[in-house]
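Below are the chains, spelled out letter by letter.
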Amino acid sequence: MISSSQTFQSRRGVIGGGIVGLATALHWMQSEPSIPVDVIEAEPEIARHQSGHNSGVLHSGIYYRPRSEKAILCREGKAKMESFCSENGIRWERCGKVIVATDQNELASLETIAERGRENEVEFERIHTDRLRQLEPSVAGIAAIHVADTGIVDYRQVCAVLRNRIVSGGGRLLLNRRVTRIDCHDRNVRLGFADGADWHGDEVIACGGLHSDRLYQLALRNSAPGQDARLDHDIRIVPFRGEYYQLIADRRHLCRNLIYPVPDPRYPFLGVHFTRMIGEATGDAISETVDPVECGPNAVLAMSRHGYTWSQINGRDLMDTLGFTGFRRLASQHWRMGMGEIHRSLRKSVFVRSLQRLIPAIRSEDLIPARAGVRAQAVRADGTMVDDFLFRRTPRMTHVLNAPSPAATASFAIARRILEVHRSVGSESSS
């Protein structure tokens, strides 16, 4: 227990016990081992939200805008993640994926993805129906891209190893520490917690995920008095829930690995897809039969930043979203798409029809409800969704305001990039 009278000089803090926060803390400790790092997490355990509600895909980087942070960090981070998993006995697999065009209208978008893949130096193959049937016999499509480099892993296991490495290296994990006050000074940072305790240290990096905008606003309020409204006119986290089904055991053969549609270029979501996930160990061996196949997600507005079901409603979170000019502009531009996502969420038959575009043999009885995840999507005041990593600075602090997919894949590379931003005195932002 940290009492309110305790202070810790020559310490550093990372707010957030998700995969980006843990990777950042470990990288910080390894690069400057003389000063210990505390990981400060609001929940009673690590990886409670985005990192623990993850399909476990090791993304190749084929989708991302060339020369964007996502494109650069994904490739670097994937290689580092694969090495980390191999070195620490974490099961992972380079299984490959297909991106499938189901009608002529999608061929131009498929070619755009191929062009990005070439610019991003991703190895892939343009394939036609015969090769597609060899890879995924149940899929319907007229053309596809095969990305053999895509893989799968369980990021919860990665987070558990990161936690152990941090603690064994002299860092601390401070759980149940919800930050309610941030005082940034020229020489140190003070964090106040909901239980009345506090923490003092030299520097802080905030990887707050679903609450990253609020942490930034807390820091602004005290480091730049009178400027705390800035974020209201700039960036706000809008939570989107993605809901999934799983294939029942005797229908898992319908999806061998990963099957994706051609994404709608207007949105940063990849569309409803099929993902074989890393299964569980059975004794000393791994049985392929326990690898589940996940189907989804849709993308609906979450009524809470931790709203994994329709019934989980948080008044403050909902009013923050509905009262934000950027969200209202976003909703006015894309309300038809939003209503379609709600319809698919509430009616399983509509969800099934979306899946049948890729695998016509799918039936409603093949699907059982599975997990849901909430994505922290940063939205600008003009209604556009931030589509890349976004960092901001306050005195002695760096804030990760947007860390969308492929954040888990790229987490080790993002950690390196975060420390670059943090060490760049006067660096206001990067996006």
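Treat the numbers as computed from the prediction; the structure is a model and nothing was measured. Starting from 1, residues in each chain are numbered consecutively following that chain's sequence as written. Residue-level local features of this predicted model are given only where pLDDT is at least 70; pairs of side-chain atoms are given and counted only at 80 or more, and the full residue set underlies all totals for whole chains, interfaces and linings. The side-chain values count all of the structure's non-hydrogen atoms but skip hydrogen atoms and water molecules.

Caption draft 1: Here's a closer look at the pairing of strand S1 (residues 12-15). Note on exposure labels: buried denotes an accessible area under 20% of the residue type's maximum, exposed denotes more than 50%, and partly exposed covers the range between, all computed with a 1.4 Å probe on protein chains only. Only DSSP runs of H or I covering at least 4 residues are called helices, and only runs of E covering at least 2 are called strands; the numbering of each starts at the N terminus. Of the two faces of S1, the one carrying Arg12 and Val14 and the one carrying Gly13 and Ile15 are both buried. Think of it this way: DSSP has to see at least two bridges between two strands before they count as a pair. Summarising the sheet, S1 and strand S13 (residues 203-206) pair through four bridges and their orientation is parallel. Directly across from Gly13, in S13, lies its bridge partner Val204. Sheet topology note: the S1/strand S2 (residues 37-40) ladder contains four bridges and is parallel. Opposite Gly13, over in S2, you have Asp38 as the bridge partner. If the strands point away from the viewer and the path from the first strand over the helix to the second runs clockwise, then the crossover is right-handed. One crossover worth recording links S1 to the parallel S2 by way of helix H1 (residues 19-31), and it is right-handed.

Caption draft 2: Highlighting the pairing of strand S14 (residues 235-247). Most of S14 is tucked away: 12 of the 13 residues are buried. Bridge count between S14 and strand S21 (residues 367-380): 12 bridges; the pairing is antiparallel. When the sheet's bridge partners are listed, Glu243 is paired in S21 with Ala372. Direction of pairing for S14 relative to strand S20 (residues 300-301): antiparallel, over a ladder of two bridges. Each bridged residue has a counterpart across the sheet, and for Phe240 the counterpart in S20 is Leu301. Sheet topology places S14 next to strand S19 (residues 293-296); two bridges connect them, and they run antiparallel. Bridging across to S19, Gln246 finds its partner in Glu294.

Caption draft 3: Examining the nonpolar core more closely. For the purposes of this section, nonpolar cores are sets of buried Ala, Val, Leu, Ile, Met, Phe, Trp, Tyr and Cys residues that join through side-chain atoms within 4.5 Å. Membership of the largest hydrophobic core comes to 41 residues, with the highest contact counts inside it found for Ile19, Val158 and Leu162. Counting residues per element, the ones that place at least two in this core are H1, S2, helix H2 (69-87), helix H5 (155-168) and helix H10 (411-423). Whether two residues touch is decided by their heavy atoms; if any such pair falls within 4.5 Å, the residues are in contact. Discounting chain neighbours no more than four positions away, the residues touching Ile19 are Ser51, Met81, Tyr155, Val158, Cys159, Leu162, Ala408 and Ser411. Formed by 23 residues, the second largest nonpolar core is a distinct cluster that contains Leu247, Leu254, Ile359 and Ile362.

Caption draft 4: Up close: H1. Each residue after the first adds 1.5 Å to the expected span of a helix. With 13 residues, H1 extends 18 Å between its outermost C-alpha atoms, agreeing within 8% with the 18 Å of an ideal straight helix rising 1.5 Å per residue. Counting buried residues along H1, 10 of its 13 residues qualify, which places the element largely inside the surrounding structure. Ile19, Val20, Gly21, Leu22, Ala23, Thr24, Ala25, Leu26, Trp28 and Met29 are the residues of H1 that are buried. The secondary structure elements touched by the buried residues of H1 are S1, S2, H2, H5, S13 and H10.

Caption draft 5: Geometry of the packing of aromatic side chains. Centres within 6.5 Å are what make two rings of Phe, Tyr or Trp a pair, Trp counting through its six-membered ring; a difference in plane orientation under 30 degrees is then read as stacked, over 60 as edge-to-face, and the rest as tilted. Within this structure, the stated rule accounts for two aromatic pairs. Between the aromatic rings of Phe84 and Phe412, the centroid separation amounts to 4.9 Å while the plane-to-plane angle is 45°, which identifies the pairing as tilted. In this pair, Phe84 sits in helix H2 while Phe412 sits in helix H10, placing the two residues 328 residues apart along the sequence. As far as the burial class goes, Phe84 and Phe412 line up, both buried. Both rings, one in Tyr245 and one in Phe351, keep their centres 5.0 Å apart while their planes meet at 70°; by these two values the pair is edge-to-face. Of this pair, Tyr245 sits in strand S14 while Phe351 sits in helix H9 (residues 348-356), and the two are 106 residues apart along the sequence. For Arg241, the ring lying beneath its charged end belongs to Trp310, and the centroid distance is 4.6 Å. Remark: a charge is flagged as sitting over a ring if the NZ atom of Lys or the CZ atom of Arg is within 6 Å of the ring centre and within 35 degrees of the ring normal.

Caption draft 6: How the structure looks around the packing of H2 against H10. Angles shown run from 0 to 180 degrees and are taken between the N-to-C directions of axes, each axis being a line fitted to C-alpha atoms and, for helices, limited to the stretch in contact. Two elements in contact, H2 and H10, have axes whose closest approach is 6 Å; the angle formed by their N-to-C orientations is 120°. Between H2 and H10, the angle falls in the class oblique. Taking contact as the criterion, the partners of Glu69, Leu73, Glu76, Gly77, Lys80, Met81 and Phe84 in H2 are, on H10, Ser411, Phe412, Ala413, Ile414, Arg416 and Arg417. Charged residues are taken to be Asp, Glu, Lys and Arg, nonpolar residues to be Ala, Val, Leu, Ile, Met, Phe, Trp, Tyr, Cys and Pro, and polar residues to be all remaining types, Gly included. Along the lines of polarity and charge, the residues of the contact of H2 with H10 split into six nonpolar, two polar and five charged. In these notes the angle categories are as follows: under 35 degrees is roughly parallel, over 145 is roughly antiparallel, 65 to 115 is roughly perpendicular, and the rest is oblique.

Caption draft 7: Main features of the sheet that holds strand S3 (residues 57-58). Overall, antiparallel pairing links the three strands, which are arranged S3-S8-S4 in an open sheet. Every interior strand has two partners, whereas the edge strands, S3 and strand S4 (92-93), have only one. Here two bridges tie S4 to strand S8 (residues 151-153), and the two strands are oriented antiparallel to one another. Paired with Trp92 across the bridge in S8 is Val153.

Caption draft 8: View of the environment of Leu26. Of note, Leu26 is situated in helix H1. Not counting residues up to four positions away in its chain, the partners in contact with Leu26 are Phe84, Leu162, Arg165 and Ile166.

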